[in-house]
Amino acid sequence: MTPSQYGSGSEVQGKPELLERLIKDRGLEVFLSIMDKPSTAGELADRLGCSRAKMNYILDSMLKQEFITLHSEKVSGGIVEKCYSSKADTFHLLVGSSYSDSERLSAAMYILGVVKTALLTNMNRGDLFHMGMVHAKVPVSRIDEYMTRLKELQQEFDDENLVSNDPDCEWHTLAVSMFRGPTPSN
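Residues numbered from 1 in each chain as written. Predicted model: local features only at pLDDT ≥ 70, side-chain atom pairs only at ≥ 80, totals over all residues. Heavy atoms only, no water.

Quick look at the side chain of Ser39
Now for step 1: Its location among the elements puts Ser39 in strand 2 (residues 39–40).
Now for step 2: Side chain to side chain, Ser39 and Arg47 meet in a polar contact 3.1 Å long.
Now for step 3: When sequence neighbours within four positions are dropped, the list of residues in contact with Ser39 reads Leu44, Arg47, Lys82, Cys83 and Tyr84. (Helix = DSSP H or I, 4+ residues; strand = E, 2+ residues; numbered from the N terminus. Polar contact = N/O pair within 3.5 Å; in protein donor to acceptor, adjacent residues only side chain to side chain. Contact = heavy atoms within 4.5 Å.)

Quick notes on the sheet that holds strand 4 (residues 79–86)
Now for step 1: Strand order in the open sheet formed by three strands is 2-4-3, and the pairing between neighbours is antiparallel. Looking at which strands have only one partner, the edges of the open sheet turn out to be strand 2 and strand 3 (68–76).
Now for step 2: Pairing of strand 3 with strand 4, which is carried by eight bridges, proceeds in the antiparallel orientation. When the bridges of strand 4 are listed, Leu70 appears paired with Tyr84. (Pairing = 2+ DSSP bridges.)

Notes on the packing of helix 3 (residues 41–48) against helix 4 (residues 52–64)
Now for step 1: Contact geometry for helix 3 and helix 4: axes closest at 9 Å, N-to-C directions at 115 degrees. Both helix 3 and helix 4 take part in a crossing whose hand is right-handed. For the pair formed by helix 3 and helix 4, the contact residues are Ala41, Gly42, Leu44, Ala45 and Leu48 on the first element and Arg52, Met55, Asn56 and Leu59 on the second.
Now for step 2: A per-class count over the contact of helix 3 with helix 4 returns six nonpolar, two polar and one charged. (Axes fitted to C-alpha atoms, helices over the stretch in contact; angles between N-to-C directions. Left-handed = near helix turned anticlockwise from the far one by under 90°. Nonpolar A, V, L, I, M, F, W, Y, C, P; charged D, E, K, R; others polar.)

A word on the nonpolar core
Now for step 1: Core analysis: the biggest nonpolar cluster contains 21 residues, and Val30, Phe31, Ile34, Met55, Leu59, Met62 and Ile68 have the highest contact counts within it.
Now for step 2: Every element with two or more residues in this core is listed here: helix 2 (27–36), helix 3, helix 4 and helix 5 (101–125). (Core = buried A, V, L, I, M, F, W, Y, C linked by side-chain atoms within 4.5 Å. Buried < 20%, exposed > 50% of the residue type's maximum accessible area, 1.4 Å probe, protein only.)

A look at the environment of Leu70
Now for step 1: Its place among the elements puts Leu70 in strand 3.
Now for step 2: In this structure Leu70 comes out as partly exposed when scored by relative accessible area, which is 36%.
Now for step 3: Along the chain, Leu70 and Lys87 lie 17 residues apart, while their C-alpha atoms are 9.5 Å from each other.
Now for step 4: Aside from chain neighbours lying at most four places away, what touches Leu70 is Leu63, Lys82, Cys83 and Tyr84.

Some words on helix 6 (residues 143–162)
Now for step 1: Across its 20 residues, helix 6 extends 28 Å between first and last C-alpha, which sits within 8% of the 28 Å expected from 1.5 Å per residue.
Now for step 2: Residues Met147, Lys151 and Asp158 constitute the buried set of helix 6. All buried residues of helix 6 fall inside an arc of 35 degrees around its axis, so they share one side. (Expected span 1.5 Å × (residues − 1). Arc of directions from axis to C-beta.)

Side note on the confidence of the model for the protein
Now for step 1: Put simply, the protein has an average pLDDT of 77, and 81% of its residues get 70 or more.
Now for step 2: When mean pLDDT is compared element by element in the protein, strand 2 scores highest at 92, while strand 1 (residues 4–7) scores lowest at 40.
Now for step 3: Taken as a whole, residues 1–14 scores under 50 in pLDDT and shows 55 contacts with residues more than four places along the chain or in a different chain. (pLDDT = per-residue confidence, 0-100.)

Let's talk about helix 4
Now for step 1: Here helix 4 spans 18 Å end to end across 13 residues, near enough to the 18 Å set by a 1.5 Å rise per residue.
Now for step 2: For helix 4, the set of buried residues is Met55, Ile58, Leu59, Ser61 and Met62. For helix 4, the angular spread of the buried residues around the axis is 160 degrees, confining them to a single face. Opposite its buried face, helix 4 presents the exposed residues Ala53 and Lys64, each directed more than 90 degrees away.
Now for step 3: Glu66 sits one or two positions beyond helix 4 and adopts a positive phi of about 65 degrees.

As structure tokens, then:
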């Protein structure tokens with residue numbers, strides 16, 4: 001896995017140096033914001049507190065790399081306003097010490113926010129949900145393999161269930177973080 005990799009069922013990948021630059025240049029915040037809901041450059045610039053020019057640069061770069069797609073266009077008074085959406089419903093990001101605290105915190109807070117909202121929604125509706133924590137003893141050299149096999153399992157279920165007409169088949173979210181953790185007691 002590259003240090004920065006956005007992905008979906010079929011991995012969306014680009015040039016590693018561009019990915020790295022986009023992450024460092026607020027690209028992660030833009031990508032995560034678009035994953036939440038389709039947005040225009042103006043909406044994103046306002047939401048993330050940056051200039052419209054910088055936002056257009058980031059969006060153009062992401063569009064060229066096919067991380068995002070043009071969702072819709074609206075012409076108003078001769079001005080074309082473009083709305084962008086994510087091409088991915090999942091992302092994978094290996095965040096190391098080369099990232100700033102704010103970049104790492106941004107990714108973690110996004111994931112935690114999605115998990116919190118989904119859990120509270122399920123609890124309030126009285127829906128059943130599975131919550132657990134898995135401790136896996138994995139050599140550092142095999143973490144990429146572990147994550148790849150997990151993605152392959154996800155893809156296998158997606159492929160099988162996307163062609164299924166089973167009315168009980170629903171989308172579920174699995175949030176996965178691999179980090180050095182405490183040794184579980186036996």
